[in-house]
There are 4 protein chains.
Amino acid sequence: MKYPPVHYHDYLGIEKILDAQHPVSVKYGKPAHDELLFIVVHQAYELWFKQILFELDSVLATFQKPKVAEEEMGQATSRLERIVAIQKLIMGQIDVLETMTPLDFLDFRDMLYPASGFQSFQWRLIETKLGLRIGDRLAYNQAPFWKSLTEEQQNKMLGVLDQPSLFDSLEKWLERTPFLQGENFNFWDSYKQAVNKMFTEDIATVKANANIPAEEKAKTIEGLEKSLQSFDALFNEEAFNKLRAEGQFRLSYKAMHAALLIQLYRDQPILQTPFRIIRALLDIDENMTNWRYRHAMMAMRMLGNKIGTGGSSGHQYLAAATAKHKIFSDFFNLTTFFIPRSQIPALPKSISDRMSFHYE
Amino acid sequence: MKYPPVHYHDYLGIEKILDAQHPVSVKYGKPAHDELLFIVVHQAYELWFKQILFELDSVLATFQKPKVAEEEMGQATSRLERIVAIQKLIMGQIDVLETMTPLDFLDFRDMLYPASGFQSFQWRLIETKLGLRIGDRLAYNQAPFWKSLTEEQQNKMLGVLDQPSLFDSLEKWLERTPFLQGENFNFWDSYKQAVNKMFTEDIATVKANANIPAEEKAKTIEGLEKSLQSFDALFNEEAFNKLRAEGQFRLSYKAMHAALLIQLYRDQPILQTPFRIIRALLDIDENMTNWRYRHAMMAMRMLGNKIGTGGSSGHQYLAAATAKHKIFSDFFNLTTFFIPRSQIPALPKSISDRMSFHYE
Amino acid sequence: MKYPPVHYHDYLGIEKILDAQHPVSVKYGKPAHDELLFIVVHQAYELWFKQILFELDSVLATFQKPKVAEEEMGQATSRLERIVAIQKLIMGQIDVLETMTPLDFLDFRDMLYPASGFQSFQWRLIETKLGLRIGDRLAYNQAPFWKSLTEEQQNKMLGVLDQPSLFDSLEKWLERTPFLQGENFNFWDSYKQAVNKMFTEDIATVKANANIPAEEKAKTIEGLEKSLQSFDALFNEEAFNKLRAEGQFRLSYKAMHAALLIQLYRDQPILQTPFRIIRALLDIDENMTNWRYRHAMMAMRMLGNKIGTGGSSGHQYLAAATAKHKIFSDFFNLTTFFIPRSQIPALPKSISDRMSFHYE
Amino acid sequence: MKYPPVHYHDYLGIEKILDAQHPVSVKYGKPAHDELLFIVVHQAYELWFKQILFELDSVLATFQKPKVAEEEMGQATSRLERIVAIQKLIMGQIDVLETMTPLDFLDFRDMLYPASGFQSFQWRLIETKLGLRIGDRLAYNQAPFWKSLTEEQQNKMLGVLDQPSLFDSLEKWLERTPFLQGENFNFWDSYKQAVNKMFTEDIATVKANANIPAEEKAKTIEGLEKSLQSFDALFNEEAFNKLRAEGQFRLSYKAMHAALLIQLYRDQPILQTPFRIIRALLDIDENMTNWRYRHAMMAMRMLGNKIGTGGSSGHQYLAAATAKHKIFSDFFNLTTFFIPRSQIPALPKSISDRMSFHYE
């Protein structure tokens, strides 16, 4: 009673929403039954993309601050997890779209030229806000990214590119992670020791094993030595930066270290929420990849080897983008630097104490 | 090139779709973050409801004809199955809405009064077009159904009620099913004999079994006799009509018979598609029921024992409607009249021949 | 190389797993194609129930300790969330089982008597370990719960009942929540004031509104006064205990208060994980409820009005159990005591400080 | 009462099923909590693979007959659709497995060597029964396919390879499709005319359009001419066979024609079920592809760049297999030969009559 009465129908803008479907096949007097489905699926995508962008913006606002407020972290996590939930939902929209057969699609496919299902501007904004850079993008149908946008869209995209992405803000936030060094404790020294110890023992075990044929033994030892060497990237900043320059890593040396710390000691109360944030970002990235792939398979089924509605071999583009448009690959690759929990150095009490609550 | 170029953004009315979210909390200067999610979820529902109505209308157009065209049957089946696919999708929207916590909802709940999440006019149209009659509806919050609609909606609803529903058209179509009687064959006579034989044998088996204690034996025999009696409704039109008048059945005697025939002999080529149609209707009805129930549980979680945003104890209403708003209950109850396949009378060749193709 | 080589096939006990399907219809020489599906679905359920029990046991081990270790909380949360993920998965098994039609089921239904799909002992263990008491259970088919178990099962169940359930342990843990009282701060006094202030203002607003007809105004004011009164249960321990004795609440007064505190101040770092735990329990309970309901609907479709394979009207039992077997209803009802975030009293700095990390 | 009583627990072999989980980490005294999940997920997969094989065998039995019985077609379709439903379900098992983090996996990963998640023999049987030939398989970790199997498995696989696969049987069945030629009607002549007419008109339209710049016009015309030429493979058996020899097609010329006919005239009653069968096979193939891809992404997340538990770069293998192990690619590519429904030649009445029912 404090507010004027609200009517469901008006409040939700139902009229507007339900008046936005205008099949071209109807316009040209050749109504194709399945065109409405095509329109509705894409409109539903756009509604959800708007929601994803909204959540992303609020998470960005939290992480772009020079000091991230602790009381906003839980909320930011929940909002990233909501994005994951939305992604799972819209994955299912492909199942519905696939109730349209290629023959049904053919009834109106020509009328859509040169539009295509891969031109959502909001989708590209999502990618950009997460951290996909222009240079990371595959050329689409030989056309540079910018030419595919309207002038208004270009301006909006420029504005977004001007701001730190979630990748950028997260990197800064990770770099600020404390705990990497204490009075009498240097985490990386102990971790390096643990890694060396583990591999040295493994190599010794193999050498001592009389049951392994000589050739296989040599090969196994070589493999273990290579694995050990790969840790150089973790312990040697110069080596890391060289690989980073070659594109093998994107995160800074310091941020990689922090991310590893969070993963290994996630059970410490203070690292729980950071751990959940990294996990949500892995989920988001993986879901985008899976969605692109499923979309590519659907496009192939719908179009065969024909060129896509946008004039490109749509499914080939999507399949290629699938692999290349990943944003948080570093978090996926980080796994390579994990060692079994039993070998991870214990934290000194002075440090683990600071990672917990003290309310008494 | 035959058609003027189309632009993704314009074609899909993206501007209109993305400009239809107007949170009241923003209007009142108290922006509640989760209100956008609330709006988007409901708008996505309405988009999909429009699609369901569109499919339903096309199926109705097929079945409302005095003679249903054989070449439209496959298409009608696919469209009903598409409705099933959409229902499975939008069931998942509840998972997304539940990422909003009750406390987040409270930030804008009062501002929505007296709107509520159960006022979708399209949802009611779907129910009506499927065959839900006004008298079948639960009063919502003590208010008669009509008063909850605007005048425009009332007129639209009256128009729909004026047309045969899918239930009505299907009943007529079922009543026209041939095969129930051949020259020297009356299906119901043989089915009755099979039923009697089965029960007589079952009763004899129980009687002859020395291992069953007397009391249990008596109870079991009584149960079997009752089951046999329940078949009266199937074999005796008068008995059936009495039960129908009491509300136990809605379909006509003839339509029930045809539906049973389709279920029992579904492997006959000519009954394959009718079988799939009945199955799709069972799916649609069951999904609506499940959706109402999940919605009721979500409402309970969101509101506790508080009254719903529409001023009603929303979740109680939904839970009650769940059971009562079923439309094709007859198809669910039909199962009671099934007997095991090994006991079903074989069709005379003269009849089974007419149920198959003859293209050579 | 540190461990003897493992073979996929042996490691996973594939032989054992794939040798455990013995359709009775085959045994009786009347092979029913769909019986294998029936068996496989139920076996897959049991596998997942074992996993759920395993996760539950590990969470119980954490919460049954007199002082819950902070470093185990994140893990306990993840394991509860894993249970939620498993529940979502197995909900989908109903979709697969429903590809079996009632007629197919009839081919072997009689041979299963008196077994039924609702007799999983592991399912009952899950319910018990979560906190369902014997007295909370609906009688199944007029049979008391105990008689439906074998002696071995009875002993196992007694052992489980002898241990604190998750409900019990959680209640104790909640009761130990600090922060409810500080030096110069009593949370419940300030919350009571906030509640009173809110309702008083609301009532005044309604009274002052000249646009509301007298009768409606009276009714609205009465409603608000009733709502205010319902808070007595929250602020008055005696009133609460009276309602608790009547079965309206199950949690203790103190535990209810702690749960409310967690919900209202979940953004405080220290309450993040507790908040997630309560949310996971709400999810688990709701999923069990939804699963029971979907199962009931499936049973109805499969059996019509016939008695269930276990000799009961299975779907009626399941539908009834749906409502009654909820365990954490208190968390659902708690919502009733929420007030909008803008009205929630701010925590004194001395308290909010203790709710955060201090690592510098 | 006709059969001896059955007990749920015994009937389902629960004891056996629940006694088949033996974590190696427990055996070595270093219990890793998440190993049970790893085992249970894979066992659930194997249960479902057994079910898929069972359905597949029954469909194979139907299609391997020299004349496929019309009354078995509906059933075969439903069983293929059941496989699709199972695939959708088990896709969700990846979501559950992903609740295990890479660090948790590391606790027991080494103990599994050299087993890996890609060694399911049943999965390979499914692929083989569907029609994947040995030569189509990617070498896994440089090892030839046969060496990865035990002797018993090799024998079983040889037996399966000795029988016609579903691909083979389906090809034969397609080749027997009637209707391709009538007294005064040759379908392929009319289809060729329709195709030519369509492209000729399209080219003329482009040529006549003064608004298209010269260069673009030339390019478009060239594209249309190329598309027209691609139809040679459809109309010229020699051209087709040349491409087939190069691996572009696998189905015979005759079978391709029949499949196209089924797709284009699916609304004819007699083609409804064949159409559904092709659609189910497309679904099965696409789901296997999507499953392999999701599995590859999960492996990458779990292992980073480390070698897979089976000693291979598991995710690279899976990602590669994804593309290469498709079986019914021809059905996907067929789309290329579709023309819009409005241009498809109408069937002569003498033919369409034979495609329908005549029960009166």
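Structure first, text after, so check above.
The model shown is predicted, which means the values in this text are computed figures rather than measured ones.

### Digging into the overall build of chain A
Stage number 1. Across its full length, chain A holds 18 helices and 2 strands.
Stage number 2. The principal-axis extents of the C-alpha atoms in chain A amount to approximately 80 × 65 × 35 Å.
Stage number 3. Taken over 360 residues, chain A has a buried fraction of 61%.
Stage number 4. Relative to all contacts within chain A whose residues are 6 or more apart in sequence, the contacts with residues 24 or more apart total 77%.
Stage number 5. With an accessible surface of roughly 14500 Å², chain A has 53% of that area assigned to carbon and sulfur atoms.
Stage number 6. Each charge class in chain A can be summarised by its mean position, and for the 41 positive and 44 negative side chains these summaries are 1 Å apart.

### Here we look at the relation of the copies chain C and chain A
Stage number 1. Rotating chain C by 180 degrees about the axis while translating it 0.0 Å along that axis superimposes it on chain A, leaving an RMSD of 0.1 Å. Accordingly, the operation relating the two chain copies is best matched by a two-fold axis. Rotation axis and chain C: the residue whose C-alpha lies nearest the axis is Phe 357 of chain C, separated from it by 3.0 Å.
Stage number 2. Looking at the interface residues of chain C, 100% of them are also at the interface in chain A, so both copies use one shared face.

### With respect to the interface of chain B and chain A
Stage number 1. Across the boundary between the two partners, chain B contributes 65 residues, which contact 65 residues of chain A.
Stage number 2. Carbon and sulfur atoms supply 67% of the area that chain B and chain A bury against each other, a total of about 6200 Å² over both sides.
Stage number 3. Between chain B and chain A we count 4 salt bridges in total.
Stage number 4. Where chain B meets chain A, there are 26 residue pairs in polar contact (both at pLDDT 80 or more).
Stage number 5. Counting residues per element, the ones that place at least two in the side of chain B that touches chain A are α1 (8-11), α2 (14-18), α4 (35-63) and α5 (70-97) of chain B.
Stage number 6. Residues belonging to the side of chain B that touches chain A are distributed by class as follows: 34 nonpolar, 19 polar and 12 charged.

### Quick word on the interface of chain C and chain A
Stage number 1. Taken together, the contacts link 31 residues of chain C with 31 residues of chain A.
Stage number 2. Between chain C and chain A, the buried area comes to about 2900 Å², and carbon and sulfur atoms account for 54% of it.
Stage number 3. Applying the counting criterion to the chain C and chain A interface returns 4 salt bridges.
Stage number 4. Note that Arg 276 of chain A and Glu 81 of chain C form a salt bridge whose closest N and O atoms lie 3.0 Å from each other.
Stage number 5. Counting across the chain C and chain A interface gives 2 residue pairs in polar contact (both at pLDDT 80 or more).
Stage number 6. Where the side of chain C that touches chain A is concerned, the elements lending two or more residues are α5 (70-97), α10 (187-208), α11 (214-230) and α15 (269-303) of chain C.
Stage number 7. The biggest single contributor to the side of chain C that touches chain A is α5 of chain C, with 7 residues.

### With respect to the packing of helix α7 (residues 121-130) of chain B against helix α8 (residues 151-162) of chain B
Residues and elements named next belong to chain B.
Stage number 1. Running from amino to carboxyl end, α7 crosses α8 at an angle of 15 degrees, the nearest separation of the two axes being 10 Å. Regarding the angle of α7 to α8, the classification is roughly parallel. Handedness of the crossing formed by α7 with α8: right-handed. Residues Phe 121, Arg 124, Leu 125, Thr 128 and Lys 129 of α7 lie in contact with α8, whose contacting residues are Gln 153, Lys 156, Met 157, Val 160 and Leu 161.
Stage number 2. Across the contact of α7 with α8, the residue classes tally to 5 nonpolar, 2 polar and 3 charged.

About the criteria used
Residues numbered from 1 in each chain as written. Chains lettered and ligands numbered in written order. Predicted model: local features only at pLDDT ≥ 70, side-chain atom pairs only at ≥ 80, totals over all residues. Heavy atoms only, no water. Helix = DSSP H or I, 4+ residues; strand = E, 2+ residues; numbered from the N terminus. Buried < 20%, exposed > 50% of the residue type's maximum accessible area, 1.4 Å probe, protein only. Contact = heavy atoms within 4.5 Å. Areas by Shrake-Rupley, 256 points an atom, 1.4 Å probe, with all protein chains shown as cover. Lys, Arg positive; Asp, Glu negative; His and termini not counted. Charge placed at Lys NZ, Arg CZ, Asp CG, Glu CD. Least-squares fit on C-alpha atoms with pLDDT ≥ 70 in both. Buried area = accessible area lost by both parts, 1.4 Å probe. Salt bridge = Lys/Arg side-chain N within 4 Å of Asp/Glu carboxyl O. Polar contact = N/O pair within 3.5 Å; in protein donor to acceptor, adjacent residues only side chain to side chain. Nonpolar A, V, L, I, M, F, W, Y, C, P; charged D, E, K, R; others polar. Axes fitted to C-alpha atoms, helices over the stretch in contact; angles between N-to-C directions. Parallel < 35°, antiparallel > 145°, perpendicular 65-115°, else oblique. Left-handed = near helix turned anticlockwise from the far one by under 90°.

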